[in-house]
Amino acid sequence: MSSIRRTLEGSVLRDIALTCLAVLFIGLSYGAIAVASGFPLWVPAAQSVLVLAGASEFLFIGIVAAGGNPFAAALAGLLVNSRHLPYGLALPPGVTGRGWRRVFGTHLMNDESVVFALAQEDLPRKRAAYWACGIGVLICWPGGAVLGALIGSAVHDTNAFGLDAMFPAVILALIVPQLREWLTMRAALAGAAVALIATPFLPAGLPVLLALVAVFLLLRDREPAESAGGREPSGAEPRSDHQPQAAP
Amino acid sequence: MKDTTLVVAGMATLAAGTYAFRLSGQLLRARISFPPRATKLLEGAAVILLAALVATTALTQGHGFSGVARPVGVLVGGVLAWRKAPFLVVVIAAAGVTAGLRLLGVP
């Protein structure tokens, strides 16, 4: 922890702490919803530690509670979680740790820890941000889930408190810095539109993956710069300059 | 809960499969060396996935529309985030606006 404090700026640490606090609140709603759906406390408790990926756990609980087969629910959850594969591709080697630490570090990979890692400039900071956020989420997500399950009997209608708006708001707030780059914004909007259009027709989880077709929008803009004649390095330069500004 | 054994098996499948996804992306990356442009592209791809996740979780419920209250709350949170409001303000505003709209009878 002390090395994390030395490596990261205070503002980044504060943002990570606030993110974890928000995760705790989402965990509260998750635990409460799970208990309200008729699951015993140990289901959200075990899942929040072992799966550690919020959206898929909500989905699993929802499908099983609606009478769905648990394996079908697991497959739907895996579809949602398949985005962790491109996350692993996007993280520079060494961020999740090396050797035995990596076995544990890999488990800490989630939406929040990946976004914070990618927003940092160099490898030590990326690694520090990844681990700080990852461990924070590992504490706050299950902690919130258990707490939510305990008070779940008291609060029946979590939607009345707007808790379902928290998860998308958290993720949106985390990607806003990257969205300030128009190229990324355009591709993200197109991907979101594709996912929305596909939602009525495809099983849960697939629409989000289908959004990846918008990746080609990230490519197009750079082709003219290349054909302008061997200016590829200078063409890439301004883009990397934008990155530090984009840090939250 | 219907069948505890079946639910536990489903949970184990989800947990093991998710870990496999987390690991395999990294293993693939270690085998191939990526040029910086491809790295930027992969980061962009992750943002696209997250944006799609935001859109679907904000606007849809199951295979249908989620109602107005939730996306409006998320939109308010997004505007606040764009204007660099503190993170907790963004999240609480999103939940607060959604709760407020529902209190007024907006679905």
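Below, the structure is looked at part by part. Model, not experiment: these values are computed from the prediction. (Residues numbered from 1 in each chain as written. Chains lettered and ligands numbered in written order. Predicted model: local features only at pLDDT ≥ 70, side-chain atom pairs only at ≥ 80, totals over all residues. Heavy atoms only, no water.)

As for the overall build of chain B
And step 1. Along chain B, the regular secondary structure elements total 4 helices and 2 strands.
And step 2. Taking all 107 residues of chain B together, 46% fall into the buried category.
And step 3. Within chain B, counting contacts between residues at least 6 apart in sequence, those at least 24 apart form 35% of the total.
And step 4. For chain B, the accessible area works out to roughly 5100 Å², and carbon and sulfur atoms hold 72% of it. (Helix = DSSP H or I, 4+ residues; strand = E, 2+ residues; numbered from the N terminus. Buried < 20%, exposed > 50% of the residue type's maximum accessible area, 1.4 Å probe, protein only. Contact = heavy atoms within 4.5 Å. Areas by Shrake-Rupley, 256 points an atom, 1.4 Å probe, with all protein chains shown as cover.)

What to know about the overall build of chain A
And step 1. Scanning chain A from N- to C-terminus turns up 15 helices and 0 strands.
And step 2. Across the 248 residues in chain A, those meeting the buried criterion constitute 54%.
And step 3. Long-range contacts, defined as pairs at least 24 residues apart, comprise 71% of the intrachain contacts of chain A with a sequence gap of at least 6.
And step 4. If you sum the accessible surface of chain A, you get close to 10300 Å²; carbon and sulfur atoms cover 68% of it.

Section: the packing of helix 4 (residues 54-65) of chain A against helix 5 (residues 70-81) of chain A
Residues and elements named next belong to chain A.
And step 1. Here helix 4 crosses helix 5 at 155 degrees, and the two axes come no closer than 8 Å. Classed by the angle they form, the pair helix 4 and helix 5 counts as roughly antiparallel. Of the two possible hands of crossing, helix 4 and helix 5 adopt the one that is right-handed. Across the interface between the two elements, Ala55, Ser56, Leu59, Phe60, Ile63 and Val64 from helix 4 touch Pro70, Ala73, Ala74, Ala76, Gly77, Val80 and Asn81 from helix 5.
And step 2. Among the residues forming the contact of helix 4 with helix 5, the class breakdown is 10 nonpolar, 3 polar and no charged. (Axes fitted to C-alpha atoms, helices over the stretch in contact; angles between N-to-C directions. Parallel < 35°, antiparallel > 145°, perpendicular 65-115°, else oblique. Left-handed = near helix turned anticlockwise from the far one by under 90°. Nonpolar A, V, L, I, M, F, W, Y, C, P; charged D, E, K, R; others polar.)

Overview of the interface of chain B and chain A
And step 1. Contacts between the two partners involve 64 residues from chain B, matched on the other side by 93 residues from chain A.
And step 2. Roughly 7100 Å² is buried in total at the junction of chain B and chain A, and carbon and sulfur atoms are behind 75% of that figure.
And step 3. Our enumeration of links across chain B and chain A arrives at 2 salt bridges.
And step 4. Linking Asp164(A) and Arg102(B) is a salt bridge whose minimum nitrogen-to-oxygen distance equals 2.8 Å.
And step 5. On the surface where chain B and chain A come into contact, there are 16 residue pairs in polar contact (both at pLDDT 80 or more). (Buried area = accessible area lost by both parts, 1.4 Å probe. Salt bridge = Lys/Arg side-chain N within 4 Å of Asp/Glu carboxyl O. Polar contact = N/O pair within 3.5 Å; in protein donor to acceptor, adjacent residues only side chain to side chain.)

Section: helix 3 (residues 42-50) of chain A
One full turn of an α-helix is made of 3.6 residues, so residues set three or four places apart face in the same direction.
And step 1. Three or more residues of helix 3 of chain A are buried, namely Val43(A), Pro44(A), Ala45(A), Gln47(A) and Ser48(A).
And step 2. Along its buried surface, helix 3 of chain A packs onto helix 2 (10-36), helix 4 and helix 9 (123-151) of chain A together with helix 1 (4-31) of chain B.
And step 3. Leu52(A), located one to two residues past helix 3 of chain A, shows a positive phi value of around 55 degrees.

Some points on the pattern of salt bridges
All names here are of chain A.
And step 1. Applying the stated criterion across every chain yields a total of 7 salt bridges over all chains.
And step 2. Among the salt bridges present, the one from Glu121 reaches Arg125, with a minimum N-O distance of 3.9 Å.
And step 3. In this structure Glu121 comes out as exposed when scored by relative accessible area, which is 52%.
And step 4. When its relative accessible area of 23% is taken as the criterion, Arg125 is described as partly exposed.
And step 5. What you see here is one network of salt bridges that share partners, running through Glu9, Glu121, Asp122 and Arg125.

Examining the environment of Cys133(A)
All names here are of chain A.
And step 1. Mapped onto the elements of the fold, Cys133 is located in helix 9.
And step 2. Spatially, the C-alpha atoms of Cys133 and Val115 are 9.7 Å apart, while their sequence positions differ by 18 residues.
And step 3. Setting aside chain neighbours within four positions, we find Cys133 in contact with Ile16, Cys20, Glu112, Ser113 and Phe116.

Let's talk about the side chain of Thr106(A)
And step 1. Mapped onto the elements of the fold, Thr106(A) is located in helix 7 (residues 100-107).
And step 2. Residue classification places Thr106(A) among the buried positions, given a relative accessible area of 0%.
And step 3. Among the polar contacts listed, one links the side chain of Thr106(A) to the backbone oxygen of Arg102(A), at a separation of 2.7 Å.
And step 4. If sequence neighbours within four positions are ignored, Thr106(A) has contacts with Thr96(A), Tyr130(A), Tyr19(B), Arg22(B), Leu23(B) and Gln26(B).

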